[in-house]
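Residue strings, one per chain:
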Amino acid sequence: NAGVTQTPKFQVLKTGQSMTLQCAQDMNHNSMYWYRQDPGMGLRLIYYSASEGTTDKGEVPNGYNVSRLNKREFSLRLESAAPSQTSVYFCAIADATNEKLFFGSGTQLSVL
Amino acid sequence: SQKIEQNSEALNIQEGKTATLTCNYTNYSPAYLQWYRQDPGRGPVFLLLIRENEKEKRKERLKVTFDTTLKQSLFHITASQPADSATYLCALDASGTGFQKLVFGTGTRLLVSP
C-alpha cells in the first residue's frame, strides 16, 4: 500500500473517548476517502475530500468529522466513540485518472 | 432496492485450475466495475477496471467480463497459484460521477491448495 500511510494501526478506546485517525499520501493526488469495513458488509464510505479545502459526507458520516489539512493529509475524528464504531478504517486516494483507488493498510479500532 | 452481491462462501480450488468469482448487482446502471484483491490485515489493492461498453478485459492471468444485460461480472484467474489466495472485492460506480459513489461487494475468499 505504498503512497498512503495510516496511523495508528491499532487502537482501543472506551465509550465516549475521542481520537483522530491520520492519513497521509505522497502521491500528490487530489481526492481522498475514508471507509470503514465491517464483517459481512462491503466497504462503506464515511467522508471524502475531492480537493484540498473541501469535504463531503459519504454513506455513513454520523459520529465522525474530517479535516483536509492540506493536499497530503486527511484526518478522521471520532468525538465520542461508541461501540458501533468498532471497525477497520481505511483511507484511500484516487489516482489522477480516477480509475483506481489506492488504500492504506488500515486502522483496527475497538470501542469498549 | 439496490444490491451488489458476491458469494460469501469461500471458493476452494486446486493449484493450476481456473478460479471464477461472480459479482451480481441489481438496480444499478454502472458506468464501470472494478475488482480489488484484499489480503488479511491489508487494504484492498486494485486489479482491473472494466467499462460498460467492454465485454472482456485481460491482465496477465486475470480476465474480467461484464454483462450489463445479466447485471453480472465474472472474474477469472487462470493457472491459479497458492499465492492467489485472498479475498476479492468487486466495486461498481453507482452514479458515474466519481468514486464518492463507488459501491463495494462483501468479497469472496479464494483458497488455492497446492
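Residues numbered from 1 in each chain as written. Chains lettered and ligands numbered in written order. Predicted model: local features only at pLDDT ≥ 70, side-chain atom pairs only at ≥ 80, totals over all residues. Heavy atoms only, no water.

Chemist: Could you give me a rundown of the overall build of chain B, with the residues and numbers involved?
Modeler: Check the secondary structure of chain B and you find zero helices and eleven strands. Its helices and strands taken in sequence order, chain B reads β-β-β-β-β-β-β-β-β-β-β from the N to the C terminus. By the compact-globule yardstick of 13 Å for 114 residues, chain B fits well, its C-alpha radius of gyration being 14 Å. Viewed in the frame of its principal axes, chain B has a C-alpha envelope of about 40 × 30 × 20 Å. Relative to its 114 residues, chain B shows a buried fraction of 43%. (Helix = DSSP H or I, 4+ residues; strand = E, 2+ residues; numbered from the N terminus. Rg over C-alpha atoms; globule rule 2.2 N^0.38 Å. Buried < 20%, exposed > 50% of the residue type's maximum accessible area, 1.4 Å probe, protein only.)

Chemist: Can you tell me about the state of the cysteines, naming the residues and giving the values?
Modeler: A disulfide bridge is the covalent bond that connects two cysteines by way of their sulfur atoms. All names here are of chain A. Applying the stated criterion across every chain yields a total of two disulfides over all chains. Each sulfur of the disulfide joining C23 and C91 lies 1.9 Å from the other. As the torsion about the S-S bond is roughly -70 degrees, the C23-C91 disulfide counts as left-handed. Taken as a pair, C23 in strand β3 (residues 19-25) and C91 in strand β9 (residues 87-94) lie far apart in primary sequence, 68 residues in all. For the pair shown, C23 and C91 are each scored as buried. (Disulfide = S-S within 2.5 Å.)

Chemist: Describe the interface of chain A and chain B, and please don't skip the residues or the numbers.
Modeler: In this complex, chain A contributes 19 residues to the contact, which on the side of chain B involves 18 residues. Contact between chain A and chain B buries roughly 1,500 Å² in total, counting both sides, with carbon and sulfur atoms accounting for 57%. Joining chain A to chain B, the criterion identifies one salt bridge. Here B:R51 makes a salt bridge to A:E99, at a shortest N to O gap of 2.1 Å. On inspection of chain A and its partner chain B, the count reaches four residue pairs in polar contact (both at pLDDT 80 or more). Among the secondary structure elements, those contributing two or more residues to the side of chain A that touches chain B are β4 (32-37), β5 (44-49), β9 and β10 (101-103) of chain A. It is β4(A) that provides the largest number of residues to the side of chain A that touches chain B, a total of three residues. Here the residues of the side of chain A that touches chain B sort into ten nonpolar, seven polar and two charged. (Contact = heavy atoms within 4.5 Å. Buried area = accessible area lost by both parts, 1.4 Å probe. Salt bridge = Lys/Arg side-chain N within 4 Å of Asp/Glu carboxyl O. Polar contact = N/O pair within 3.5 Å; in protein donor to acceptor, adjacent residues only side chain to side chain. Nonpolar A, V, L, I, M, F, W, Y, C, P; charged D, E, K, R; others polar.)

Chemist: A description of the layout of surface pockets should follow, citing residues and the corresponding values.
Modeler: Computed from the structure, the largest pocket encloses a volume of approximately 550 Å³. In terms of lining, the largest pocket is formed by 27 residues, of which the most central are A:Q37, B:Q38, B:D39, B:P40 and B:G41. Every element with two or more residues in the lining of the largest pocket is listed here: β9 and β11 (107-111) of chain A together with β9 (86-93) and β11 (108-113) of chain B. Per element, the largest residue contribution to the lining of the largest pocket is three residues, and it comes from β11(B). (1 Å grid on protein atoms, 1.4 Å probe; cavity = no way out; pocket = protein on both sides within 12 Å on 5 of 7 lines; lining within 4 Å. Points joined across faces, edges and corners; volume = space filled by probe spheres on them.)

Chemist: Let's hear about the pairing of β3(A): which residues, and what values?
Modeler: Remember that side chains alternate between the two faces of the sheet whenever the strand is regular. Residue and element names in this part refer to chain A. Taking burial as the measure, the seven residues of β3 include five buried ones, the bulk of the element. Looking at chain direction, strand β1 (residues 4-7) and β3 are connected through four bridges and run antiparallel. Across the sheet, the residue bridging to T5 is A24, located in β3. Note that β3 and strand β8 (residues 74-78) share three bridges and pair antiparallel. Bridged to L21 within β8 is L76. (Pairing = 2+ DSSP bridges.)

Chemist: Summarise the sheet that holds β1(A); cite the residues concerned and give the values.
Modeler: All names here are of chain A. Read from one edge of the open sheet, four strands run β1-β3-β8-β7, paired in antiparallel fashion. Single-partner strands in this sheet number two, and they are β1 and β7 (65-68). Each neighbouring strand pair of the sheet contributes to a mean axis angle of 15 degrees, computed without reference to strand direction. (Axes fitted to C-alpha atoms, helices over the stretch in contact; angles between N-to-C directions.)

Chemist: Give a detailed account of the nonpolar core, specifying residues and quantitative values.
Modeler: Counting residues in each nonpolar core, the largest one holds 23 residues, and the members touching the most others are B:L33, B:W35, B:F75, B:I77, B:Y88 and B:L110. Contributions of two or more residues to this core are made by β3 (19-26), β4 (32-38), β5 (45-51), β7 (62-67), β8 (72-77), β9 and β11 of chain B. In terms of nonpolar packing, the next biggest core, distinct from the first, is built from 21 residues, A:M19, A:M32, A:C91 and A:I93 among them. (Core = buried A, V, L, I, M, F, W, Y, C linked by side-chain atoms within 4.5 Å.)

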